[in-house]
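Residue-level structure breakdown
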Amino acid sequence: MKIPNAIWTLLIGIVLTLASLWYGQNHGLLPVAASDEAPLVDGLFNTMMTVSTGIFLIVEGVLIYAVIRYRRRAGDNEDGPAIEGNVPLEILWTAIPAIIVVGISLYSFDVYNNTGGFDPHSAHAAPMMEDAMNMPRTASAAVVQVSQSDTSSREVKKPAELTINVTGLQYAWLFNYPDKDVTTGELHLPIGKTVEINMTANDVIHAFWIPEFRVKQDAIPGRQTHLRFTPRKAGDYDLICAELCGPYHGVMKSQVVVETQEAFDSWMQEQLIAAKDIPNQAVAVNSMSMTADEFLSPYTHDMGIHSEILHQIK
C-alpha cells in the first residue's frame, strides 16, 4: 500500500515540530539564570532556537533529499527539465520568513522594554553631560552622580531598592553606592532587591554585561545610560566588558557578589570603616620611599582593584 504524499508531509511536519520544540527548550547553551529578568530573555532565546532548529531541519532535509533523489545516474547525459519558477511556492517561502521576522522583532522589543523597566529609547535620547565629558581620568573622579530631576523624570514600574553609579574606564569598573558614599571595584548586591544601575564611561564606550543576569548595556562617555534588574540567586558572577575598548579589553572584568541582606550590610559596614582608615594609612607612610603600586595599594585593595589592572591603567 502506497502512502500518499500528503500523509508523508504531515508525518514529517509533526516529527520536525516535535524535534524543534524539544531542542529549543533543552539546548543547554545558556548559563544559570540568576535574576528575575533572565526568564524573559531565556524565553525569547528558546523561541528563536526553536524556530531556527525547525528551519535548519527543513532546509537541510530538503537539500539532502534533493541530492539523493535527483542525483545524476550513470549513463544519463541529458539536460534536466527547464523549470522557470513556481509563483505560489516563491510567495510561500517569502511570506513565512517575513512573518517569523516580524513576530520575533515584536517579541524581542517587548522583552527589551520589560527587562530594564525603562523606555528602550532612553539610552539614545539621554542628554550629554558636560561634567562627564570634562571628567579627569582618575578613579577618584570617575563616578557621576545622578541628579534628582533625572531620576524623577524616568517612569519605572516600581522604585529601585538600591541605586548604584557605575563608571567604566580602561580597563576597570568602579561602583559608587551614593546612599553610603562608598566606592569600590567589586559589585556587591543583596538577593531580591531591585537594582538600578546608572552608568557612564571615562574614555571610550564600554559594555556592562553579566551573562547570568541576561542584562547588557553600553557605558558611553559623556552620556548616562541605565539598567535595572533584580538578582535572585546567591553566588559570584563575572561582570564583563562586551565592547572592544582597547588592547587590554580581555582583562576588563570585575566580580559581582550576590549575597543575603545581612552579608551585604556587613560588607557595606566594612567598606565604611575602611574608608575612614585609608586617609590615616596614607598619611602614616613615607610616599617618597615607596613605589606607585605600594603607595596606592591601601586605596585599591579595599576597592577591589587588582594590581594587574592598576598596572595597566598606569
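Scroll up for the structure.
This text gives an overview of the structure that appears in the document. (Residues numbered from 1 in each chain as written. Predicted model: local features only at pLDDT ≥ 70, side-chain atom pairs only at ≥ 80, totals over all residues. Heavy atoms only, no water.)

Concerning the environment of Asn114
Within the secondary structure, Asn114 is located in helix 3 (residues 87–116). Residues Asn114 and Arg228 lie 114 residues apart in sequence; the distance between their C-alpha atoms is 9.8 Å. (Helix = DSSP H or I, 4+ residues; strand = E, 2+ residues; numbered from the N terminus.)

Quick look at the pairing of strand 5 (residues 195–201)
Most of strand 5 sits out of view: seven of its seven residues are buried. The two faces of strand 5 match: Val195, Ile197, Met199 and Ala201 on one face and Glu196, Asn198 and Thr200 on the other face are all buried. Summarising the sheet, strand 5 and strand 8 (residues 225–229) pair through five bridges and their orientation is antiparallel. Paired with Asn198 across the bridge in strand 8 is His226. (Buried < 20%, exposed > 50% of the residue type's maximum accessible area, 1.4 Å probe, protein only. Pairing = 2+ DSSP bridges.)

Quick look at the pairing of strand 2 (residues 172–177)
Counting buried positions along strand 2 gives six out of six residues, so the element sits mostly inside the fold. The alternating pattern of strand 2 places Ala172, Leu174 and Asn176 on one face and Trp173, Phe175 and Tyr177 on the opposite face, and all of these are buried. Of the pairings in the sheet, the one linking strand 1 (residues 162–169) to strand 2 comprises five bridges and is antiparallel in character. Paired with Asn165 across the two strands is Asn176, which belongs to strand 2.

Here's the deal with the layout of surface pockets
What the largest pocket holds in volume is close to 1200 Å³. The wall of the largest pocket is formed by 25 residues, among which Ile12, Leu16, Ile58, Val59 and Val62 lie closest to the centre. Counting residues per element, the ones that place at least two in the lining of the largest pocket are helix 1 (5–25), helix 2 (38–69) and helix 3. For the lining of the largest pocket, the leading source of residues is helix 2, giving ten residues. Classifying every residue of the lining of the largest pocket gives 17 nonpolar, eight polar and no charged. (1 Å grid on protein atoms, 1.4 Å probe; cavity = no way out; pocket = protein on both sides within 12 Å on 5 of 7 lines; lining within 4 Å. Points joined across faces, edges and corners; volume = space filled by probe spheres on them. Nonpolar A, V, L, I, M, F, W, Y, C, P; charged D, E, K, R; others polar.)

A few points about the state of the cysteines
On inspection of all chains with the given rule, the structure shows zero disulfides. Free cysteine Cys241: the closest other cysteine sulfur is in Cys245, separated by 3.9 Å. (Disulfide = S-S within 2.5 Å.)

A word on the packing of aromatic side chains
Scanning the model with the defined rule gives eight aromatic pairs in all. Judged by centre distance (5.6 Å) and plane angle (70°), the rings of Tyr171 and Tyr248 are edge-to-face. Residue Tyr171 is found in the loop between strand 1 and strand 2, and its partner Tyr248 is found in the loop between strand 9 (235–241) and strand 10 (253–259); the two are separated by 77 residues along the sequence. Plain terms: the ring middles of Trp173 and Phe208 are 5.7 Å apart, the flat faces sit at 85° to each other, and that makes the pair edge-to-face. With Trp173 in strand 2 and Phe208 in strand 6 (residues 206–210), this residue pair connects regions lying 35 residues apart in the sequence. We classify Phe208 as buried; its relative accessible area is 0%. Grouping aromatic residues by their ring pairs yields a cluster made of Tyr177, Phe264 and Trp267. (Phe/Tyr/Trp six-rings, centres within 6.5 Å; stacked < 30°, edge-to-face > 60°.)

Considering the sheet that holds strand 5
With respect to topology, five strands assemble into an open sheet ordered 3-2-1-5-8, the strand pairing being mixed. In this open sheet, the two edge strands, each paired with only one partner strand, are strand 3 (182–184) and strand 8. When strand polarity is set aside, the average angle formed by the axes of neighbouring strands in this sheet is 25°. In the sheet, strand 2 pairs with strand 3 via three bridges, with the strands oriented antiparallel. Note on strand 3: the bridge partner recorded for Tyr177 is Val182. (Axes fitted to C-alpha atoms, helices over the stretch in contact; angles between N-to-C directions.)

Considering helix 2
The end-to-end C-alpha distance of helix 2 is 45 Å, a good match for the 46 Å that 32 residues give at a rise of 1.5 Å each. What helix 2 keeps buried is the set Ala38, Asp42, Leu44, Asn46, Met49, Thr50, Thr53 and Gly54. (Expected span 1.5 Å × (residues − 1).)

Describing a nonpolar patch on the surface
A cluster of nonpolar residues, Ile3, Ile7, Trp8, Leu10, Leu11, Ile12, Ile14, Leu18 and Leu21, forms a patch on the protein surface that exposes about 840 Å² of accessible area. Tracing the chain through its elements places Leu18 in helix 1. (Patch = residues over 30% accessible without salt bridge, like charges linked within 9 Å, V, L, I, M, F, W, Y side chains within 5 Å. Areas by Shrake-Rupley, 256 points an atom, 1.4 Å probe, with all protein chains shown as cover. Salt bridge = Lys/Arg side-chain N within 4 Å of Asp/Glu carboxyl O.)

Some words on unusual backbone geometry
Trans is the common state for peptide bonds, and a negative phi is the common state for residues other than glycine. Here Gln170 and Tyr171 are connected by a cis peptide whose omega angle stands at 0°. Phi at Asp181 is positive, roughly 55°, even though this residue is not glycine. Along the polypeptide, Asp181 turns up in the loop between strand 2 and strand 3. On the basis of relative accessible area, Asp181 is assigned to the exposed category, the value being 62%.

Focus: the sheet that holds strand 6
Reading across from one edge, 4-10-9-6-7 is the order of the five strands in this open sheet, with mixed pairing throughout. In this open sheet, the two strands that pair with only one neighbour each are strand 4 (187–190) and strand 7 (215–219). Ignoring strand direction, the axes of neighbouring strands in this sheet form an average angle of 25°. Bridge analysis of strand 6 against strand 9 gives two bridges, and the strand direction is antiparallel. Bridged to Phe208 within strand 9 is Cys241.

All we've got here are geometric facts, nothing functional implied.
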